[in-house]
Amino acid sequence: MNLFGFSRKKIPSSRMDGEGLYLRPASMGDFDAWRLLRGESRAFLTPWEPTWPLDDLTRTAFHRRIQRQDRERVEDEAYAYMIFRTADEALLGGITLGNMRRGVAQCGTLGYWMGEKYAGKGLMTKAARALLRHAFLEMGLHRVEAACATDNERSRRLLERLGFQREGYARAYLLIDGAWQDHLLFAMLERDFLREDNSEERASKV
């Protein structure tokens, strides 16, 4: 979205490297790995996601995802990535910077999911840091927002660990797993990220 008719659009690279992992847009060649990981993680993921369509794990539905991903990327509306482990190319999950607002906002919304067997290992923290680095340093964003259900402790801890600040409480904010759920609202500013990034760099040199 281009607010007030001007923008600082800068498209990020298609691949982003992080600590032992990398992000890239999905392709049809990822279907089998995606279907397997999503299928075996279904009970783990569904409490935190919109209701899955009946055909969600089919090749046809995945193809629609790819088409939407590519269209939204070209239109600077959203940037969806899959997360892969560098060592063996294993698919770990997905992460998205969506709801892009340019102009005077320069803002996007962070969303993510992780396969159950990879959760709790710090991998999403590393993936989110890689995406945030590109969002602020390459895409010219000023602010990245995120929301999590009030009882999603794992997601809340992730956002706080990344340096997001809690800004509010939204009632019946998103339709998740068939019900309108309250959410906690978080945001990170460019200056917040730079402060966190610099502190981590200093710590790594100690």
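Refer to the preceding data block for the structure.
Residues numbered from 1 in each chain as written. Predicted model: local features only at pLDDT ≥ 70, side-chain atom pairs only at ≥ 80, totals over all residues. Heavy atoms only, no water.

J.: Quick question: what am I supposed to make of the overall build of the chain here?
T.: The number of helices and strands found in the chain is six helices and eight strands. The N-to-C order of helical and strand elements in the chain reads β-β-α-α-α-β-β-β-α-β-α-β-β-α. Scored against the burial criterion, the 206 residues of the chain give a buried share of 43%. At a minimum sequence separation of 6, the contacts of the chain that also span at least 24 residues come to 64%. (Helix = DSSP H or I, 4+ residues; strand = E, 2+ residues; numbered from the N terminus. Buried < 20%, exposed > 50% of the residue type's maximum accessible area, 1.4 Å probe, protein only. Contact = heavy atoms within 4.5 Å.)

J.: Explain the pairing of strand β3 (residues 79-85) here, please?
T.: The side chains of a regular strand alternate between the sheet's two faces. The buried fraction of β3 amounts to five of the seven residues, a majority that puts the element mostly inside the structure. As paired elements, β3 and strand β4 (residues 91-101) share six bridges and run antiparallel to each other. Bridge pairing links Tyr-79 to Leu-97 in β4. (Pairing = 2+ DSSP bridges.)

J.: How should I be thinking about the environment of Leu-37 in this particular structure?
T.: By the secondary structure assignment, Leu-37 is in helix α1 (residues 31-40). For Leu-37, a relative accessible area of 4% gives the class buried. When the C-alpha atoms of Leu-37 and Leu-92 are compared, they prove to be 7.9 Å apart, with 55 residues separating the residues in sequence. Residue contacts for Leu-37: discarding those within four places in its chain leaves Leu-91, Leu-92, Gly-93, Trp-113, Gly-115, Lys-117 and Tyr-118.

J.: What exactly am I supposed to notice about the sheet that holds strand β2 (residues 21-24) here?
T.: Sheets are built from strands that pair by backbone hydrogen bonding, the pairs being arranged parallel or antiparallel. The strand order across the open sheet built from eight strands is β1-β2-β3-β4-β5-β6-β8-β7, with neighbouring strands paired in mixed fashion. Of all the strands in the sheet, just β1 (16-17) and β7 (165-176) have a single pairing partner and so form its edges. Both strand β5 (residues 107-114) and strand β6 (residues 143-149) contribute to a ladder of three bridges, which runs parallel. Within β6, the position partnered with Gly-108 by the bridge is Val-144. Against the sheet, α1 makes contact with β3, β4 and β5, and its axis sits at roughly 95° relative to β4, the strand it touches most. (Axes fitted to C-alpha atoms, helices over the stretch in contact; angles between N-to-C directions.)

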